[in-house]
Amino acid sequence: APAMDTVERLAGARPRSAVAPHYVVTDEAHAAWAALGVAYVQAAERRIRPGRADGVSHLGQKGPHGLVHLTRTVRFDPRPQRRGHHTDESGRVLRRCFDQGLPAVIDTHRINYTGPWAADAARELDELLGTADRAGARYLTTPELGDAVTAVRDPLVVADGQGHESRAGVSI
């Protein structure tokens, strides 16, 4: 836990969330994070383990070892090669999340803000944040989001009796 101690010394608090590179995570990593006091895993919409994606991951879902998944709901990759992940599209998804009473958790990466497209990407980020502000966004840290999500019991979440939960299907 030396890394956790270093973060606590520098930031004044121990990390309460983790994200695996490219969201690929093993059950052993979940166990290690839980043992270190991590409560929240930043996740993609699918649970990805080495060699396979095995199921949908939704915001607030409990995974192995009781870690809560904080699924990113808005993709924002404003570089030329990433069609469909720019301000207009991401803004629509963000507003849809808010309209449905869901958090908009934005997934973006540093590569978007480097290289020849950096200035355009920074401008698009400002536009997206303006859209969020106009929609009434509150900006939270990952642990703040996790605490808020776990404080609300989702009636569509069902337990399997073995410590795992999944979202019940709804059809209209």
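For the structure, check the block above.
Just so it is clear, the structure is predicted and the values come from calculations on it, not from any experiment.

Draft legend 1. Main features of a positive patch on the surface. On the surface, Arg 92, Arg 95, Arg 96 and Arg 134 cluster together into a patch of positive charge. Per-element tally for the positive patch: the top contributor is helix 3 (residues 87–99), with three residues. Along the chain, Arg 92 turns up in helix 3.

Draft legend 2. Broad picture of the nonpolar core. Met 4, Ala 18, Ala 20, Val 25, Trp 33, Val 38, Val 41 and Leu 67 form the largest nonpolar core, which has eight residues in total. One finds Val 68, Leu 70, Leu 145 and Val 149 within the second-largest nonpolar core, a separate group that totals seven residues.

Draft legend 3. Molecular detail of helix 3. Its 13 residues place the ends of helix 3 18 Å apart at the C-alpha level, agreeing with the 18 Å of an ideal helix rising 1.5 Å per residue. Along helix 3, the residues classified as buried are Thr 87, Ser 90, Gly 91, Leu 94 and Cys 97. Looking straight down helix 3, one finds its buried side chains confined to an arc of 120 degrees; they lie on one side. Among the exposed residues of helix 3, those pointing more than 90 degrees away from its buried face are Asp 88 and Asp 99. In this fold, the buried residues of helix 3 make contact with strand 6 (74–75), strand 7 (106–107) and helix 4 (118–134). Of the residues one or two after helix 3, Gly 101 is the one with positive phi, at around 75 degrees.

Conventions adopted
Residues numbered from 1 in each chain as written. Predicted model: local features only at pLDDT ≥ 70, side-chain atom pairs only at ≥ 80, totals over all residues. Heavy atoms only, no water. Patch = residues over 30% accessible without salt bridge, like charges linked within 9 Å, V, L, I, M, F, W, Y side chains within 5 Å. Areas by Shrake-Rupley, 256 points an atom, 1.4 Å probe, with all protein chains shown as cover. Salt bridge = Lys/Arg side-chain N within 4 Å of Asp/Glu carboxyl O. Lys, Arg positive; Asp, Glu negative; His and termini not counted. Charge placed at Lys NZ, Arg CZ, Asp CG, Glu CD. Helix = DSSP H or I, 4+ residues; strand = E, 2+ residues; numbered from the N terminus. Core = buried A, V, L, I, M, F, W, Y, C linked by side-chain atoms within 4.5 Å. Buried < 20%, exposed > 50% of the residue type's maximum accessible area, 1.4 Å probe, protein only. Expected span 1.5 Å × (residues − 1). Arc of directions from axis to C-beta. Contact = heavy atoms within 4.5 Å.

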